[in-house]
Amino acid sequence: MLKLLSYSLHSDGFIPHGHCYLWKTGLVWLHIVADATIALAYYSIPFLLIYFISKRKDVPFNGVFLLFGAFIIACGTGHLMDIWTLWHPDYWIAGSLKAFTAIISIYTAFALVNLIPQALTLPSPAQLEAVNRSLASEIVERKRIEQELRQAEEIATNSSQAKSEFLANMSHELRTPLNGILGYTQILQRTEPLTNKGRKGVEIIQQCGSHLLTLINDVLDLSKIEARKLELNPVDFYFPAFLDSVTEICRIRAEQKSIAFHIELEPDLPVGIRADEKRLRQVLINLLGNAIKFTEQGSVTFKVKFASQKQQKTNYKIRFEVADTGVGMNAEQLNKIFQPFEQVGDRKRQAEGTGLGLAISQKIVSLMGSQIEVESESGKGSTFYFEVELQEAKDWAKASRMMQQGTVVGYRGEKRTILVVDDKWENRSVLVNLLEPIGFILVEASQGEEALEQAIAHKPDLIITDLMMPVMDGFELIHRLHQSPQFEKIVVIASSASVFETDQYKSIDAGASAFLPKPIEAETLLELLRKYLQLEWVHESKVETNTKANVASSNHPAEMIPPAKEILQQLLNLVQDGDIQRIQEMAPQLSASDEKLTLFAQQLMQLASNFQIKRLETLIKQYIH
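Residues numbered from 1 in each chain as written. Predicted model: local features only at pLDDT ≥ 70, side-chain atom pairs only at ≥ 80, totals over all residues. Heavy atoms only, no water.

Visitor: Whenever I open this one, the packing of helix H13 (residues 448-458) against helix H14 (residues 474-483) confuses me. Can you help?
Guide: The angle between the axes and the distance between the axes are what describe a pair of packed helices. Between H13 and H14, the least distance of the axes is 9 Å, while the angle of their chain directions is 30 degrees. Put simply, H13 runs roughly parallel to H14. As H13 runs across H14, the sense of the crossing is right-handed. Of the residues in H14, those in contact with Gly448, Ala451 and Leu452 of H13 are Leu477, Arg480 and Leu481. Grouping the constituent residues of the contact of H13 with H14 by class yields four nonpolar, one polar and one charged. (Axes fitted to C-alpha atoms, helices over the stretch in contact; angles between N-to-C directions. Helix = DSSP H or I, 4+ residues; strand = E, 2+ residues; numbered from the N terminus. Parallel < 35°, antiparallel > 145°, perpendicular 65-115°, else oblique. Left-handed = near helix turned anticlockwise from the far one by under 90°. Contact = heavy atoms within 4.5 Å. Nonpolar A, V, L, I, M, F, W, Y, C, P; charged D, E, K, R; others polar.)

Visitor: What should I look at first to understand H13 in this one?
Guide: Residues spaced three or four apart along an α-helix face the same direction, because each turn holds 3.6 residues. Those residues of H13 lying buried are Gly448, Ala451, Leu452 and Ala455. The buried residues of H13 all sit within an arc of 100 degrees when viewed along its axis, so they share a single face. Exposed residues on H13 whose side chains face more than 90 degrees from its buried face are Glu453 and Ala457. Close packing links the buried residues of H13 with strand S9 (417-421), strand S10 (441-445) and H14. Between the side-chain oxygen at the start of H13 and the backbone nitrogen of Glu449 there is a gap of 2.7 Å, and the oxygen is on Gln447. Positive phi appears at Lys459, one or two residues downstream of H13, with a value of about 50 degrees. (Buried < 20%, exposed > 50% of the residue type's maximum accessible area, 1.4 Å probe, protein only. Arc of directions from axis to C-beta. Polar contact = N/O pair within 3.5 Å; in protein donor to acceptor, adjacent residues only side chain to side chain.)

Visitor: Please explain the environment of Asp509 as it appears in this structure.
Guide: Mapping Asp509 onto the fold places it in helix H15 (residues 501-510). Note on Asp509: relative accessible area 68%, which makes it exposed. Residues Asp509 and Ile478, spaced 31 residues apart in sequence, show a C-alpha to C-alpha distance of 9.9 Å.

Visitor: What am I meant to see in the pairing of strand S6 (residues 373-377) here?
Guide: Pairing analysis gives five bridges linking S6 to strand S7 (residues 381-392), with the strands arranged antiparallel. Bridge pairing links Val374 to Phe384 in S7. Joining the antiparallel neighbours S6 and S7 is a turn of three residues, in which Gly379 adopts a positive phi near 85 degrees. (Pairing = 2+ DSSP bridges.)

Nothing here speaks to function; it is geometry throughout.
In C-alpha cells:
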C-alpha cells in the first residue's frame, strides 16, 4: 500500500506544465495571475459565508452553505495547484485534489436538489411587500380601534364621574332636609313632654324619615358598588350581641305581623369575630326583613351554624340561613330577584322599597367571598342562605358596644363652648336644640369668615362645621384655623350630608378630627363630644344606679364571674325543665346580691329573654365543669 501511494505521488517521468507554454514569460505570467486571482476570490467567498452563518443562526440553509464553502475552497486550491505544476509535475496530487472537489460538488448538488422545494416556498420580494402592506394596514386599523376604545373609556369615565357628582349633589340636597326632620324628632323625644298621641306622631315622622334615608342609602350603595368604590371595613366585635341586636329588630317586626319568629344558633359559635359589622348587619336585616314582609302567616326562622365540621383554630366558615313560609317564588322570579330595581310579589309590598336590597346584599356578600343562594317554591316559602369565612377575634372586647345608660341630661365639670358653622339655619338649629339642654354654650356662624370672627370672640372648646358653604367653605375654614397659633390644636368635627368617602377623607386630610354624617344621630354626636372633650355624662336618675355596673361590664366583658356551684346547678335544672320564667326572676336577684355577678346575670337574662335554651345550658355547664 505504501509502495502504491509512493508510486502515485512520484513525479519522475513527467515534465512540468510550463513546458506546455514553451516557458513564454507572458503566457506563464498570464496563467499565474489568473489562477492566483481566481483562488483569492474563491477563498474570500467561504469566509463571507462563515461570517453570515455566525450572525444568522436562524437561517435553515446553514448546512448547504458549509458544503458550498468547502467546494469553493477546493476549487480555489485547484487553481493554486495549477500554478504549482508549472514548475513541479505533481500531477497525481493535482488529480486527487480534483477528485476530492468532484465528490464535494456531488454532495452539494444533492443538497441543493433537496433544498430547492423548501427555497421555493419562501416569499418573493413582491409577496413580502404585499404582506408588509397588509401588516401596515392592520397596524393602522388597530391604532384606530385603540383610539376608539380610549375615547369610549374616557366617555364612560366622564359619565361615571358625572353620575357620581350627580348622586353626591342629590345626596346632599336630600339629606339636608332630612337632617332637620330626624334631628327635631330626636330633640322632641328627648326634651319635650308629649302626649301619647303626640309621641306616636313623632315616632311615625322618625320612621318615615328613617325609611326615606334608607332608600337614599340604597341608591348610593348601588352606585358605589357599580363604581367599585364600596370597600369592606372589618372590625372586631362581640358576635352574640351582634346576633341579638339583629334578631331583636326583626322579632319586633314579626310580632307586629303576628307571625312566629324562630332563632336557631349553634351553641359553640365564636364569641368574637372580625368582619364588616355594618355590612353584615345590612345583609342579614335585609334578608330577614324580606322574609317577614312576604310572610302573612306561619313563621320565619333564622339559623346560624357552622358550614362544615372542619374548622381551623382561628377561622370559621359560618352559614347564615333565613327560611320563611311566605308566598315563595317561581323560576322566572328567582332569575330576577338579584337584579337592581326588580321586585316580586304584589304591588302593595313592592311599594315598600326600591328593589335594591337583594342586589346590594348579593354584591356585599360577593365582596366577602361568597354568594347568596335561594331555594323557593311558589306558595310554600323561600330559604336564603350564604356561607362566609370569618376570623375569630381575640380582642373583641376593645371594640365592644357601649351598653345603654339612658338619656344624657348633662355633664360634669365646667361649661364648654361649641361653635356651630352651617349656612342652613335649620341644621344649626338641630345642633343648638340638641346640645343646649345638656348644658353647652352654643355659638352660631353661617359661613367660614364669620366662623373665624366668632372663634376669636368666644374661644370655643370645639367646632362643628359644615363642608359646603358660600364665601368660605369648611375645608378652607379648617385649614385657616390650624394655621392660626391660637387655634392650631382646636378640635374640629366636619359634618356633611355627603356620604362619599372622598369628602370624608378630604376633611380629615384638611385637619378635621372626625367626620359626622348628616342626618345627625344624637348618640354619635354625643360620643364624639365625650371623646374629644373628655366628658363624663350625667344620665337620668332612673338609670344612674346601674351606670357603674354597665360601664364595668362594657370595659371588661370577658371577666364574667359566675355564682356558686349550687346556684349554677339550680339554674341548670331550671333550663332543663324549660322554666324560663323562674330564670328571669333569679337573674336580677343574683345581680342585686353581688355586683360581681352583674355581667353573668345580664348574660343569663339576655339568653332567657330570647329563649336560647341551648346557649343557656352551654353557658351554665361551662362554669359548672
